[in-house]
Amino acid sequence: MGPAPFKFVPGNGSTVEDAAFSPLFKLLATAIVGGCAFWLTQLLTGGSLATTRTTGVVWFIAGLAMMGWTWWHILRSRTRISADGLYQQWIWDKQMPFDDLAYGKLIRIPGLDWLIAPRLYVRTLMGKFMVFYGASPELVAEFERIVKELKAFRQL
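Worth saying up front: this structure is predicted, and the values here are computed from it rather than measured. (Residues numbered from 1 in each chain as written. Predicted model: local features only at pLDDT ≥ 70, side-chain atom pairs only at ≥ 80, totals over all residues. Heavy atoms only, no water.)

**Some words on the pattern of salt bridges**
And then number 1: Applying the stated rule across the entire model yields 6 salt bridges.
And then number 2: The salt bridge involving Glu142 is made with Arg145; its shortest N-O contact spans 2.9 Å. Taken together, the residues span about one helical turn, with Glu142 and Arg145 both in helix 3 (residues 137–154) at a distance of 3 residues.
And then number 3: Each of Arg108, Asp113 and Glu144 takes part in salt bridges that share partners, so that together they form one network. (Salt bridge = Lys/Arg side-chain N within 4 Å of Asp/Glu carboxyl O. Helix = DSSP H or I, 4+ residues; strand = E, 2+ residues; numbered from the N terminus.)

**Re the packing of aromatic side chains**
And then number 1: Enumeration according to the criterion identifies 10 aromatic pairs in this entry.
And then number 2: Between Phe21 and Phe25, the ring centres sit 5.4 Å apart and the planes meet at 20°, which makes this aromatic pair stacked.
And then number 3: Phe21 gets classed as buried once you look at its relative accessible area, which sits at 6%.
And then number 4: With a centroid separation of 5.0 Å and an interplanar angle of 35°, the aromatic rings of Phe21 and Tyr133 are classed as tilted. Residue Phe21 is located in the loop between strand 1 (16–19) and helix 1 (23–45), and its partner Tyr133 is located in strand 7 (residues 129–133); the two are separated by 112 residues in the primary sequence. Here the two residues Phe21 and Tyr133 agree in accessibility, since each one is buried.
And then number 5: Among the aromatic side chains, those forming a connected cluster through ring pairs are Phe6, Phe8, Phe98 and Phe153. (Phe/Tyr/Trp six-rings, centres within 6.5 Å; stacked < 30°, edge-to-face > 60°. Buried < 20%, exposed > 50% of the residue type's maximum accessible area, 1.4 Å probe, protein only.)

Following this line, the structure appears as structure tokens:
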């Protein structure tokens, strides 16, 4: 009854999968989380955080735990493009089938792909949207193809 479903096949014919974030970004995230953990250790061992300030220590540790959880997922996150759709392993896994894609846009900062991973913003016919990160040139090339082919397909 509605518009025809969008179909996409990756350039190699099967799947394209790679890291969602660049090695330098992973290193930067590691340095930030490690620096915060080191700072907390210094505060605790130096006596700057007295036991009377338990609430502050708990909040600091809770924030550090959230940063660590995100950091772990940055290190292991992968994006996959197959004939079925887009998938990214993340804190909560993201999946978007190609069938009902209505819009796509590649968001990137030219010249800084080595630091800030380009991302593919996609929206369905019902307005649901997701963002998929891709650090490798192969993923970015497929993102560009998806945007181009989707735009041409929806122009009909």
